[in-house]
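# Chains, contacts and geometry: an overview
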Amino acid sequence: MILAEELVLLGYGDRGDPVVAGVGLDFGLAGAVLVELALAGRVEVADGMLTVVDRAPTGDPVLDATLARIAEREPPRTPKDWVGDLRTGLREQILGRLVGAGVLRREPGRVLWVFPATRYPSASGEQPPAEVEIRRRLLDAIEGDGPVDERAAALCALVRASRLEQEVFGDLPKDRVAARLTEIGTGDWAAESVKRAVAELDAALVAALTVVAVITAAG
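All values derive from a computational prediction rather than experimental measurement.

### Here's the deal with the overall build of the protein chain
Check the secondary structure of the protein chain and you find ten helices and four strands. Going residue by residue from the N terminus, the α and β elements of the protein chain occur as α-α-β-β-α-α-α-β-β-α-α-α-α-α. A globule of 219 residues ought to have a C-alpha radius of gyration of about 17 Å, and the protein chain, at 17 Å, matches this closely. If one aligns the C-alpha atoms of the protein chain with their principal axes, the spans along those axes are about 50 × 40 × 40 Å.

Structural data, given as structure tokens:
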């Protein structure tokens, strides 16, 4: 699974509805795709701009389409610009992949008997095994005190940036979670250039979500 798929599983509840505002999850998924490309050594952030450093395909259709899109863009754009641009339609694409893989099922319905709405509960009726494993890895990372692997560290950063801490770590003391997330983020879990890119992308994600929250509150 790519990070975006893992984030979707964390971002949807047992009934198949998002546990955070849909637009927030959309931004988080865009950030997850870009973070994945950074971990794969395909993109980096230089002078505030997201640039491609390796055009070799990753083998994943979503990642490769995004990589090609970034490579073709002139002039380069900031991480915040890309997070805003890539979010459109991405959630539906990732959910479709999980449905196709038999992890989730698509359940059409309506809100207030009028407005179309689709839920994505587990295909088995129980928490998907993949999600159980994801949550276990994240809890191990937070409850431990040693180094974590780069994918767990990146997902921890995405969980925090997407404001999913309560959903994922709600049973743990908030102070412990906050301190450990900071410790993981500054730890020695990846090359410095990768960590810098992930930090820049997460900052862009937080900035985008803050703007959305301000606009929503004002409306």
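### Side note on the pairing of strand S1 (residues 43-46)
Burial along S1 is one-sided: the residues Val 43 and Val 45 are buried and none of Glu 44 and Ala 46 is. For S1 and strand S2 (residues 49-52), the ladder comprises four bridges, and the chain directions are antiparallel. Bridge pairing links Ala 46 to Met 49 in S2. Between S1 and S2, which pair antiparallel one after the other, the connecting turn spans two residues, and Asp 47 there sits at a positive phi close to 55 degrees.

### Thoughts on the nonpolar core
Leu 138, Val 159 and Phe 169 are the most contacted members of the largest nonpolar core, which totals 66 residues. Examining the composition of this core, we find that eleven residues originate from one element, helix H2 (residues 22-39), more than from any other. Excluding residues within four positions of it along the chain, Val 159 makes contact with Leu 7, Leu 10, Leu 138, Leu 164, Glu 165, Val 168 and Phe 169.

### A few points about the packing of helix H1 (residues 3-11) against helix H7 (residues 150-161)
Put simply, H1 and H7 touch, their axes get as near as 11 Å, and they point 50 degrees apart. In terms of orientation, H1 and H7 fall into the oblique class. Here H1 and H7 pass one another in a crossing that is right-handed. Here Leu 3, Glu 6, Leu 7 and Leu 10 of H1 come into contact with H7, specifically with Arg 151, Ala 154, Leu 155, Leu 158 and Val 159.

### Considering the pattern of salt bridges
Scanning all chains against the criterion turns up 15 salt bridges. Arg 136 is the salt-bridge partner of Glu 133, the closest N and O atoms lying 2.5 Å from each other. Here the residue Glu 133 and the residue Arg 136 both occupy positions in helix H6 (residues 129-143), the gap between them amounting to three residues, near one helical turn. Its salt-bridge partner being Arg 180, residue Glu 183 comes within 3.3 Å of it at the nearest N-O pair. Of this pair, Glu 183 and Arg 180 both sit in helix H9 (residues 174-185), three residues apart, which is roughly one turn of the helix. Judged by its relative accessible area of 39%, Glu 183 is partly exposed. You can call Arg 180 buried: its relative accessible area is 2%. One connected set of salt bridges, linked through shared partners, spans Glu 5, Asp 60 and Arg 97.

### Let's talk about the layout of surface pockets
One simple way to see leftover space: roll a probe sized like a water molecule over the atoms. There is about 210 Å³ of room inside the largest pocket. Together, 16 residues line the largest pocket, and Ala 157, Arg 160, Gly 185, Ala 199 and Asp 202 are the ones closest to its centre. Within the residue set of the lining of the largest pocket, elements represented by two or more residues are H7, H9 and helix H10 (192-218). Residue composition of the lining of the largest pocket, by class: ten nonpolar, three polar and three charged.

Criteria and thresholds
Residues numbered from 1 in each chain as written. Predicted model: local features only at pLDDT ≥ 70, side-chain atom pairs only at ≥ 80, totals over all residues. Heavy atoms only, no water. Helix = DSSP H or I, 4+ residues; strand = E, 2+ residues; numbered from the N terminus. Rg over C-alpha atoms; globule rule 2.2 N^0.38 Å. Buried < 20%, exposed > 50% of the residue type's maximum accessible area, 1.4 Å probe, protein only. Pairing = 2+ DSSP bridges. Core = buried A, V, L, I, M, F, W, Y, C linked by side-chain atoms within 4.5 Å. Contact = heavy atoms within 4.5 Å. Axes fitted to C-alpha atoms, helices over the stretch in contact; angles between N-to-C directions. Parallel < 35°, antiparallel > 145°, perpendicular 65-115°, else oblique. Left-handed = near helix turned anticlockwise from the far one by under 90°. Salt bridge = Lys/Arg side-chain N within 4 Å of Asp/Glu carboxyl O. 1 Å grid on protein atoms, 1.4 Å probe; cavity = no way out; pocket = protein on both sides within 12 Å on 5 of 7 lines; lining within 4 Å. Points joined across faces, edges and corners; volume = space filled by probe spheres on them. Nonpolar A, V, L, I, M, F, W, Y, C, P; charged D, E, K, R; others polar.

Geometric values such as these leave the question of function open.
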